Amino acid sequence: MANENGNTQKAVGEKTSVDNAIATISRQRTRRQVSRRDAALFFILLAIILITANNWYLATHHVGWHGPQNSALFAALQASLVSDRIGSGSSSSSSSIVDQTGAYILSPICGGCTRSKSDSKACFDIVRRKQKKSGENASLVDAAIIIGAEREGCELCDPAKCLRHYHVDGGQLNNTKSKYWRFDRSSPKFSKPTTFYLQSIPTELRIPPQRFGDIEKYFYERHNYTLQNKLIGMQYLLEYNPGLVVIPPLEKAKLPKEAYYLVSLRVTPANNCFEQKVYSELPKDIWKAVYHTGTNHLGLALLDKNYQIIEGYETVIEMDVQLDLQRRTTVGSSLSPTFMDYRIFVLNGRIYLHANGETVHVTQLSLSMSGSDDLKRTRCCDSIYIIGEDVPDGDMEKPCRMKSLYGGDKLEVAIGSQFRTIWSGGAYGKNYALFSIPNRTHPNAPDSIYAEIDIFPHHVHQILPDEHNMISRHQVFERVWKPGTRKRRNFPIDIVNEREMKTVGNVTENREDIPLPSFFNIDAHQDWFPGSDAPFKEKPHGGACCVSFSKDELNLGGTRQNHDESNLLVGIGHTKVTWKPWYGKDNVPQEQKDRVPHTHYVTLFYAFDPYPPFEIRARSGYFCLGHVPMIGDKFSSTEGGKFNPHSILTHNRNLTQNFENFDCPQMSFVNSFIEKADDSSKTAIGYGLNDCTGRLVEVDKKDIVGLLYPEPMDMVFEQSDDK
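Residues numbered from 1 in each chain as written. Predicted model: local features only at pLDDT ≥ 70, side-chain atom pairs only at ≥ 80, totals over all residues. Heavy atoms only, no water.

1. A few points about the layout of surface pockets
The line we're drawing: Cavity means a closed set of points on a 1 Å grid over the protein atoms alone, one where a 1.4 Å probe fits but cannot get out, pocket means an open set with protein on both sides within 12 Å along at least 5 of 7 lines, and lining means a residue has an atom within 4 Å of a point. Grid points are joined across faces, edges and corners, and a volume is the space filled by probe spheres set on the points. The helix and strand labels rest on DSSP assignments: H or I over at least four residues marks a helix, E over at least two residues marks a strand, and numbering proceeds from the N terminus. Gly falls in the polar group here, along with every residue not listed as nonpolar (Ala, Val, Leu, Ile, Met, Phe, Trp, Tyr, Cys, Pro) or charged (Asp, Glu, Lys, Arg).
If you add up the space inside the second largest pocket, you get close to 1400 Å³. What lines the second largest pocket is a set of 50 residues, and nearest its centre among them are I514, P515, L516, P517 and R619. Mapped by element, the contributors of at least two residues to the lining of the second largest pocket are β3 (121-122), β21 (520-521), β25 (616-619) and α19 (712-716). Counting residues per element, the lining of the second largest pocket draws most heavily on β25, at three residues. Across the lining of the second largest pocket, the residue classes tally to 22 nonpolar, 14 polar and 14 charged.

Structure below.
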């Protein structure tokens, strides 16, 4: 295995480095003449050694070592050693401006300048042009001050205005520099990390760990097996992208008393577990079989209060086949899926299932213990939706029971009706967050339910998830057809596309400007990707939403001075470096492509008003969620849940930008964000790692507030001793 020794090798390497450094210090101390400068360097190096050793211990025991508060002293020491050459404005390589172990780097240029815009033009680009026009002796800071005074929208390029914007008083202006955080050091502190592994999936459908080293050959064998046996879909499965809800009282009454949560998982052969070159070197037909698979099952499991799967209470369901929605196909492993990611939400005391198809489809879920009377009189779905036959009028509105493909020994699942489709975001929308708020005009009425279509700009639409209008097949075609594609189709999923979910009013959009990030990351530094070179999409995606934060909770940490309402709703989104046409051009140097690799994800929190038009009030800087810590090919003792051998594979693909590796997966996809069942001061975040495994972590609300409204001298600025 490529990373078989994982963190053990890293820890040994770090310990060796510490021993060598101590030996070096010992030799220095034996010298008769020690200058003051050497003595100062000695104490700095000793501090770095001690903190590095401490971080090594924390990393191997996984106690939130990458949280910003935990590494403040260490970060300050490292950042004080970083060069911030600003004079000429030419870029330097990442190795010259950031220490691998440092939490952030410094600059006199405000992050608000490198990410602000004026008339759709990047302020930092304007500053660069001003510096060049002013002559070779002009500094970047001088140019920034001028543009900050002259250009509307670029005020934060003036360091003094930047400090005031982030609530720093005039007495702290001298020698203050902006912090630019590493993505793996700006994440919130978390606890109770738990990995998911469905024991109901047969062993023969698991990738054997001994095949990780020759996975290309394994993929080839699985593809041939599919063809030879006239099957559809590659014959192996992984589970990832966990959705999570607290089981509502009506459902909980039908389930074992220890059940607190329901988790959903995407169960599929599609994956990004291995190094990118593994996939790029596959023959085209095998590559398509891995990525474009029609096998996308729904996994469900009951969890206890510690997020552990309750034995026997799990199931894997073939949703599209039982509802006669799978696209007709000939034998083969490559097929576009009917559904992809699944998500679950609790709305007005009921559980709703959200599935990504061509756009977003929603239905209600009902749970029961196997053998109980709750679902005995409920027909099986495949007796209503018979492949190739029309469904009788009215039967689509009836609940039906889903059969388990795997598992289901103790858990039964039913849907309330056939799926309905949310068309509010147009064709090919996905990953909407569904949430509810109290009815403002009728307090005793059911909550109003909304679908969050986009985050920035914030598009939200009120929906009626149990009602629909019928649209014609031709109307469906007009919405999904793309120029250049064939002008006819007859897909089973169009039965669902015709069931357009009812909505109330129009899609709302925020009226005010989206606030700048509460802190800034290393990608915004002038030697990385400032101004129009920003690598990540400006418009993040869901993500997951929403957790309500009361006024008292919002004042638990950080500095909250720009909002006076009683509470806010908080969500979590992601953005990524998107593929651009020049990645495929031979005349673009490979080094340029490797400097900004595409499909690399970062995550952020955002907060908004709990009423229309749902104005965005704050957003954090970027961070990333970490790998499962491994010791050799085993979990660290602090990781909960059943051991998933795929967890070691996520270390094959790290988030990378500007030739810098970060200690987190290339793809971190947050699929759920909820308040903890028995403790409203904590939240739970469920996320997928590299389309390979699923994980859950607990995060205190106060630590989220600390990222949305950080103390400026903690996360945003640092006073330097430099003159």
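Having seen the structure, we can now continue with the description.
2. Remarks on the pairing of strand β32 (residues 693-700)
The line we're drawing: Each residue gets one of three labels from its accessible area relative to the maximum for its type: buried under 20%, exposed over 50%, partly exposed in between, using a 1.4 Å probe on protein chains only. Here, any two strands with at least 2 DSSP bridges between them count as paired.
Counting buried positions along β32 yields eight of eight residues, so the element is predominantly enclosed. Neither face of β32 is exposed, since T693, R695, V697 and V699 on one face and G694, L696, E698 and D700 on the opposite face are all buried. Bridge count between strand β5 (residues 191-195) and β32: three bridges; the pairing is antiparallel. When the bridges of β32 are listed, T195 appears paired with R695. Inspection of the sheet shows strand β31 (residues 682-689) paired to β32 by eight bridges, in the antiparallel sense. Each bridged residue has a counterpart across the sheet, and for G686 the counterpart in β32 is L696. If you look at the hairpin formed by β31 and β32, you'll find three residues sitting between the two strands, and N690 has a positive phi there, around 55 degrees.

3. A look at the nonpolar core
Definition in use: The criterion is simple. A nonpolar core is a set of buried Ala, Val, Leu, Ile, Met, Phe, Trp, Tyr and Cys residues joined through side-chain atoms within 4.5 Å. Any pair of residues with heavy atoms lying within 4.5 Å of one another is described as a contacting pair.
Judged by nonpolar contacts, the single largest core of 84 residues is most densely connected at F183, F435, F605, F608, F673 and I685. Looking at which element gives the most residues to this core, the answer is strand β24 (residues 601-608), with six residues. Among residues more than four places away in sequence, those in contact with F183 are N521, I522, D523, F536, V602, Y622, F623, C624, L655 and F662. Within the second largest apolar cluster, 36 residues are counted, among which are L262, L325, C400 and F491.

4. So, helix α18 (residues 701-708)
Among the eight residues in α18, seven count as buried, and that is most of the element. Of the residues making up α18, those classed as buried are K701, D703, I704, V705, G706, L707 and L708.

5. Considerations on helix α14 (residues 473-480)
Note that an α-helix has 3.6 residues per turn; residues three or four places apart therefore point the same way. Heads up, the rule is: The directions from the helix axis to the C-beta atoms are what the arc is built from.
Looking at α14, one finds that the buried residues are V476, F477 and V480. Buried residues of α14, seen end-on, are gathered within an arc of 100 degrees and therefore sit on one face of the element. Against the buried residues of α14 lie α15 (494-497).

6. A look at the sheet that holds β5
Counted only if it meets this: For helices, the axis comes from a line fit to the C-alpha atoms of the stretch in contact; other axes are also lines fit to C-alpha atoms, and the angle between any two N-to-C directions lies between 0 and 180 degrees.
Taken in spatial order, the four strands make up an open sheet running β5-β32-β31-β30, and their pairing is antiparallel. At either end of the open sheet lies a strand with only one pairing partner, and these are β5 and β30 (668-675). Taken over all neighbouring pairs, the strand axes of this sheet differ in orientation by 20 degrees on average, direction set aside.

7. A short note on unusual backbone geometry
Negative phi values dominate among residues other than glycine, just as trans dominates among peptide bonds. Each neighbour pair has its own omega, and for F456 with P457 the value is -5 degrees, a cis peptide bond. Tracing the backbone through its elements, the reader meets P457 in the loop between β18 (448-454) and β19 (459-470). Residues G542 and G543 are joined by a peptide bond in cis, for which omega reads 5 degrees. Of note, G543 is situated in strand β22 (residues 541-550). Despite not being glycine, K230 shows a phi value in the positive range, around 55 degrees. Its location among the elements puts K230 in the loop between α8 (215-228) and β6 (238-246). Accessibility expressed as a relative area gives 65% for K230, which makes it exposed.

Shape is all these values report; function is a separate question.
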